[in-house]
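Examination of the molecular architecture
Chain residues, written in single-letter form:
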Amino acid sequence: MARICGVISMEGSSGGDGCFKELCDVSWGDVDGERQVWSNDNVALGHLALDPKAISNQPLCGEDGSRQVSSGKLVDTAGVCKQLSEKRKVPFVLGDDSALLLDLLSRERYDLLGQLNGLFTAALWQPVEKRLVLVNDRLGFRPLYYSYDVSKQRFVFSSDLRGVIAVLTNRKINWQAASVFLHLGHHLGEATWFEGVHVLPPGSILQFENNSVHIRKYWDICSIAINEFIDHEQAVDGIIETFKLSIKRRHEAASTREVVFLSGGIDSRRIAAELSSQKVKFPTYTTRGFNNLFGNRSLAAEVSDALGVSNRFVNLPENNFLTEYWPRCNDLLDYETNLHQWMLPLVDQCDDFGGVNYDGIGGDVLINAVLRTSGFLSSEGLASSREMGLNELAERLTGPALDFSFITPELRRNLSYESAVDAVKEELIKYDNDDNQLTYFYLLNRTRRNIALSPTRLISRKFECFLPYLDNDFVEFALSIPANIKVSNPLRRETLDRAYPYLMNIGNTNYQGRTDRGDGFAYDIRYNYQRRRFLYQCIRQHFCGNNWMFTNHRTVPKILKDIVMRNLHRDHISYVFSASFEVFYELLDKYFDKDFINHMGSPDV
């Protein structure tokens, strides 16, 4: 429950032009917390502690005068501490996670970073070398954004993308990232909406020194070897045992109350069941209101009853849900996704700070090997993906080409389907010829850059989030199972039933329609109806008020056609009214204006 940021200005004072203050104010503006800052002539570091009950003194100072800020939570650090003791010939006494990171980074023990278990980011300033070092966890699920302005010789970083964007001197759209977002609903790799602004890659060490940025990996997910000799039964047993160990490690590291945001799905259900089996006391919280997730809310109540734990339903607002939460969520996540609005009412109703929430992120892809909705979740589907050439597979993952005809030509000529496909190909090439190619693609892109924003940026405003499926041992075991075993067997459900047989009679997630509203656990806000109506109102507002984004003679017919099609076919997918396009419009409206069009030249602008 902390955020970090910093500025290195080699040309002059780090805060002389107000850059550092603006970076802090924008990065931390949405929450109250304990601000801790340090600066000298050209360096400034900031740390925001969100939990007033767990404030550490940061930045920490090393023996050599180095300064460090960090965020996140480590578990099971005994092994690393033992190695440090053996190296020094004297016992290493662990103060807290930040002290361990300081020791590793200041002594450049980067070889031990890969053994750290948990999600973290850290920044270290070494005054003797005049070097800034940024590091993150092996999978990079806790985002750290950075940018280097060559003209000003200024490097900035922040846990919050908004802060970095606020101090950019020249904002330019990353058009390939925009094309990707409109097709996939999230970014890929280390890209953001803006040229020159990146997120630190997974398992990386970034060093800013002598006005140069150097990045190297200390751990590579492709180093995990496939166990060709494991069979189905061993896979089931291994998933059960490594998950038990993951929960045990996190419970031992939790020094405060523990909660579970229980959706009723398999992954959060497994977390609640294992915590209960280890005699952990915890409540569960469940949102309700989505008619298309009606069944899950009933399942959450059944699970909590079977486990004997308290469950609190948090009703989503029945009227104007998206009107209130869509803009607020987009602002908190700075337009990196079109998801997660439903999470904010739940976080809001958790009155006090502090505690740990267990989140099921990563469980589906790691155990299934691919997305359930991808069409690859079968032996035949997986085999077909491996028979595809790189171009065909990339096009399959990108989806159908979008129609950009209603957007003004200056914008339209910079967006392309081909550019999005090329970005997907670049990601696939990173894992070329690996049995887990699709797993890595989904896990390190859709999950890391999109789904994980909920715990790392929204829930973390009040709770530290533990992601037990991302435990080092669990990840390594799950990825060592040949993908064909995972896609051809229902391992998620089978391992759940075998470990917790008393939950076997509770069904799977069921996407149900409006005719099933009779269950007492369903509080239907007609989410899909609200969503369609809200997006229509937003597009109408953009078109009438900011139609520099649109080509009028093409947009009006498209809107009319979409309205007719939507009335005739409930499953009609609109381009003009889609959530991804609405995020794009809002981004342009926030950071640019109609003069942006006048200054655009070639497609390379």
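This write-up is about the structure you can find in this document. Think of each chain on its own: its residues are numbered from 1, step by step along the sequence as written. Reporting in this predicted model follows two pLDDT cut-offs: at least 70 for local features of residues, and 80 or more for side-chain atom pairs to be given and counted; totals over whole chains, interfaces and linings ignore these cut-offs and use all residues. Note that water and hydrogens are dropped before the side-chain values are worked out from all heavy atoms of the structure.

Here we take up the sheet that holds strand β14 (residues 284-288). In this description, strands pair whenever DSSP reports at least two bridges between them. A run of H or I in DSSP counts as a helix once it spans at least four residues, and a run of E counts as a strand once it spans at least two, with each numbered from the N terminus. Read across the sheet, five strands follow the order β15-β14-β13-β16-β17 without closing on themselves; strand pairing throughout is parallel. Two strands close off the open sheet at either side, each with one partner strand: β15 (311-315) and β17 (464-466). Ignoring which end each strand starts from, the neighbouring axes of this sheet average 30° apart. Sheet strands touched by helix α6 (residues 232-253): β13 (258-261), β16 (356-358) and β17. Its angle to β16, the strand with the most contacts, is close to 170°. In what follows, residue pairs with any heavy atoms lying within 4.5 Å of each other are defined as contacts. Axis lines are fitted to C-alpha atoms, over the contacting stretch for helices. Their N-to-C directions set the angle, which ranges from 0 to 180 degrees. Its contacts with the sheet place helix α7 (residues 266-277) against β13 and β16, and it is angled at close to 150° to β13.

The next subject is empty space enclosed by the protein. Here a cavity denotes grid points, spaced 1 Å and computed from the protein atoms alone, that fit a 1.4 Å probe unable to get out, and a pocket denotes an open set having protein on both sides within 12 Å along at least 5 of 7 lines; residues with an atom within 4 Å of a point are the lining. Grid points are joined across faces, edges and corners, and a volume is the space filled by probe spheres set on the points. Within this structure, the stated rule accounts for six cavities of 30 Å³ or more. Of the voids in this model, the largest cavity is the one considered here, and its volume is about 110 Å³. Lining the largest cavity are Met1, Ala2, Arg3, Leu50, Ser71, Arg142, Pro143, Ser159, Thr456, Arg457 and Ser460. Of all the elements in the fold, those that place two or more residues in the lining of the largest cavity are β1 (2-9) and α17 (453-458). A volume near 100 Å³ is recorded for the second largest cavity. As for the second largest cavity, its lining consists of Lys73, Val75, Gly118, Leu119, Arg250, Glu464, Cys465, Phe466, Leu467, Leu470 and Asp471. Secondary-structure elements contributing two or more residues to the lining of the second largest cavity are β5 (67-75), β6 (117-126) and β17.

The definition of a nonpolar core used throughout is a set of buried Ala, Val, Leu, Ile, Met, Phe, Trp, Tyr and Cys residues joined through side-chain atoms within 4.5 Å. The buried label applies to any residue whose accessible area, calculated with a 1.4 Å probe on protein chains only, is under 20% of its type's maximum; exposed applies above 50%, and partly exposed to all values in between. Counting 100 residues, the largest nonpolar core has Leu113, Leu116, Phe141, Ile221, Leu397 and Tyr442 as the members making the most contacts within it. Sort the elements by how many residues they give to this core and α6 lands first, with seven residues. When neighbours within four sequence positions are excluded, leucine 113 is seen to be in contact with Leu104, Leu105, Val135, Ile205 and Tyr218. If you look at the next biggest cluster of nonpolar residues, it comprises 80 residues, including Val7, Ala178, Leu332 and Leu458.

Salt-bridge detection follows one rule: a side-chain nitrogen of Lys or Arg within 4 Å of a carboxyl oxygen of Asp or Glu. For the structure shown, the criterion picks out 35 salt bridges. When the shortest N-O distance is used, the salt bridge between glutamate 241 and lysine 244 registers 4.0 Å. Of this pair, glutamate 241 and lysine 244 both sit in helix α6, three residues apart, roughly one helical turn. Taking relative accessible area as the criterion, lysine 244 reaches 32% and is therefore assigned partly exposed. One connected set of salt bridges, linked through shared partners, spans Arg3, Asp160, Arg162, Asp331, Asp334, Glu336, Arg449, Arg457 and Lys590.

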